[in-house]
Amino acid sequence: MKYNIALVPGDGIGPEIVGAAVEALKITGEKFGHEFECTTYLAGGAALDKYGVPLPQETVDGCLASDSVLLGAVGGPKWDSVPNNMRPEKALLGLRKALGLYTNLRPAAIQPALAGACVLRPDIAAKGFDLMIVRELTGGIYFGERGRNETGDAAYDTEAYSVMEIERVARRAFETARKRKGHLTSVDKANVLETSRLWRETVHRLGETEYPDVRLDDMYVDNAAMQIVRDPSFFDVLVTSNMFGDILSDEASQVTGSIGLLASASLGDSSRGMYEPIHGSAPDIAGKDLANPIATILSAAMMLRYSFDLAEEADYIEKAVADVLEEGWRTADIKAPGQEDWLRGSEMKDKILGKLKG
Ligand code: IPM
Ligand code: MG
């Protein structure tokens with residue numbers, strides 16, 4: 001079967017890591033008899049430099065016409081002083097909105113081979129953890145009305161959620177929990193925020209009427225931030241608003257000790273999704289062959305699993321990555337203290353491609 005993939009490499013290390021993931025996809029395709037046809041589109045700073053806008057219509061149209069999107073990362077200091085509505089981040093938010101990707105899955109698990117990189121106390125790390133943050137992605141304060149007063153000395157941003165917006169991401173979270181350990185924690189700030197009270201009410205109604213088999217509990221976001229470092233093994237699936245999910249997912253990823261390993265999937269109602277590593281564009285290491293390609297390669301595996309229903313192929317890529325890590329190979333970001341035989345980004349890529357070629 002043939003799949004059309006829109007590539008949006010973006011800025012900084014984006015092009016390097018997306019290139020590595022494309023090679024992994026091509027080899028996997030040859031093994032399993034699929035064709036992955038990739039077309040590259042500009043977004044972020046790269047688009048700003050060439051077209052004067054962070055998200056050209058051509059990119060939106062190309063992504064909408066594709067079967068799925070693989071994104072690197074956007075942004076960098078070069079564009080820090082551009083006007084707000086031209087910022088590279090606008091491209092990311094705009095793409096999520098244009099593609100209707102209201103659910104963001106961000107898994108964070110401790111990999112057995114990397115337990116040593118975990119930043120938690122050894123007795124906490126020893127209990128292991130494997131959690132999935134389900135972040136609402138096209139609503140809330142990141143998309144609400146914002147502005148300044150006339151004199152510019154006061155500003156506001158608005159958090160707003162409708163029942164429909166809460167329901168659709170919550171359903172996805174309940175379904176995700178069903179396929180895992182059957183435990184869902186809904187994270188909010190219902191002791192203060194009205195949107196959180198609506199969130200909680202809605203999630204509970206769904207739980208009672210449609211998902212009575214899923215164990216549902218609630219947690220205030222400040223407490224959740226604490227529990228992620230105190231006892232991450234408590235969690236299975238977390239569902240939360242756009243901003244809380246943004247913050248908690250960075251925390252959860254760093255707890256694994258390896259932000260360079262974590263993939264993410266952004267999904268909507270169709271099978272088309274957008275897949276990206278959760279780390280950023282890392283302009284400080286761009287072009288130095290230091291970037292770890294693993295998170296993007298694993299994002300490509302998530303694409304196979306969630307958009308194309310190719311679970312066996314996704315497992316194949318994930319196993320290749322796990323095997324390379326198991327053998328002790330590390331990039332600079334995950335090397336053990338004092339480890340000297342660490343790999344450059346392209347060397348790590350070659351190790352993984354070697355496994356894929358089998
Ligand atoms: C992320 C990023 C983005 C977000 C930024 C770059 C707009 O932090 O994907 O988590 O907040 O969604
Ligand atoms: Mg973030």
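Residues numbered from 1 in each chain as written. Chains lettered and ligands numbered in written order. Predicted model: local features only at pLDDT ≥ 70, side-chain atom pairs only at ≥ 80, totals over all residues. Heavy atoms only, no water.

### Examining the domain arrangement of the protein
Consideration 1: Entries for the protein in the domain assignment read domain 1 (1–101 + 256–358) and domain 2 (119–251).
Consideration 2: For domain 1 versus domain 2, the separation of C-alpha centres amounts to 25 Å.
Consideration 3: Across the contact, 11 residues belong to domain 1 and 9 residues belong to domain 2.
Consideration 4: For the pair domain 1 and domain 2, the summed buried area comes to about 980 Å², and 62% of that belongs to carbon and sulfur atoms.
Consideration 5: When residues of domain 1 are sorted by the area they lose upon contact with domain 2, L93, R96 and K97 head the list and together hold 39% of the total.
Consideration 6: Between the two partners, domain 1 and domain 2, sit 0 salt bridges.
Consideration 7: Along the contact surface separating domain 1 from domain 2 lie 2 residue pairs in polar contact (both at pLDDT 80 or more).
Consideration 8: Those elements giving two or more residues to the side of domain 1 that touches domain 2 turn out to be α4 (89–98) and β11 (263–267).
Consideration 9: In terms of residues, the side of domain 1 that touches domain 2 owes the most to one element, α4, which gives 3 residues.
Consideration 10: Its residues assigned to classes, the side of domain 1 that touches domain 2 shows 5 nonpolar, 4 polar and 2 charged. (Domains from an automatic or database assignment. Contact = heavy atoms within 4.5 Å. Buried area = accessible area lost by both parts, 1.4 Å probe. Salt bridge = Lys/Arg side-chain N within 4 Å of Asp/Glu carboxyl O. Polar contact = N/O pair within 3.5 Å; in protein donor to acceptor, adjacent residues only side chain to side chain. Helix = DSSP H or I, 4+ residues; strand = E, 2+ residues; numbered from the N terminus. Nonpolar A, V, L, I, M, F, W, Y, C, P; charged D, E, K, R; others polar.)

### Quick notes on the side chain of T202
Consideration 1: Mapped onto the elements of the fold, T202 is located in helix α7 (residues 194–210).
Consideration 2: Sequence-distant contacts of T202, defined by excluding residues within four places in its chain, comprise V163, I166 and E167.

### Details of the sheet that holds strand β10 (residues 237–240)
Two strands in a sheet stick together by hydrogen bonds in their backbones, pointing the same way (parallel) or opposite ways (antiparallel).
Consideration 1: The mixed open sheet is built from 10 strands, whose spatial order is β2-β1-β3-β12-β11-β4-β5-β10-β8-β9. Here the strands that pair on one side only, and so sit at the sheet edges, are β2 (35–40) and β9 (215–220). Direction aside, the axes of adjacent strands within the sheet are offset by 25 degrees on average. (Pairing = 2+ DSSP bridges. Axes fitted to C-alpha atoms, helices over the stretch in contact; angles between N-to-C directions.)

### Regarding the packing of aromatic side chains
Consideration 1: Counting across every chain of the model gives 7 aromatic pairs.
Consideration 2: When the ring of F36 is compared with that of F308, the centres are 6.4 Å apart and the planes differ by 15 degrees; the resulting orientation is stacked. Of this pair, F36 sits in strand β2 while F308 sits in the loop between α10 (294–306) and α11 (311–326), and the two are 272 residues apart along the sequence.
Consideration 3: Judged by relative accessible area, F308 falls into the buried class, the value being 8%.
Consideration 4: Aromatic pair Y161 and W199: ring centres 5.5 Å apart, planes at 70 degrees, arrangement edge-to-face. With Y161 in the loop between β7 (155–157) and α6 (163–179) and W199 in helix α7, this pair connects stretches of sequence that are 38 residues apart.
Consideration 5: Through a chain of ring-to-ring contacts, three or more aromatic side chains come together here, namely Y3, F36 and F308.
Consideration 6: K97 extends its terminal NZ or CZ atom over the ring of F143, reaching a point 4.7 Å from the ring centre. (Phe/Tyr/Trp six-rings, centres within 6.5 Å; stacked < 30°, edge-to-face > 60°. Buried < 20%, exposed > 50% of the residue type's maximum accessible area, 1.4 Å probe, protein only. Lys NZ or Arg CZ within 6 Å of the ring centre and 35° of its normal.)

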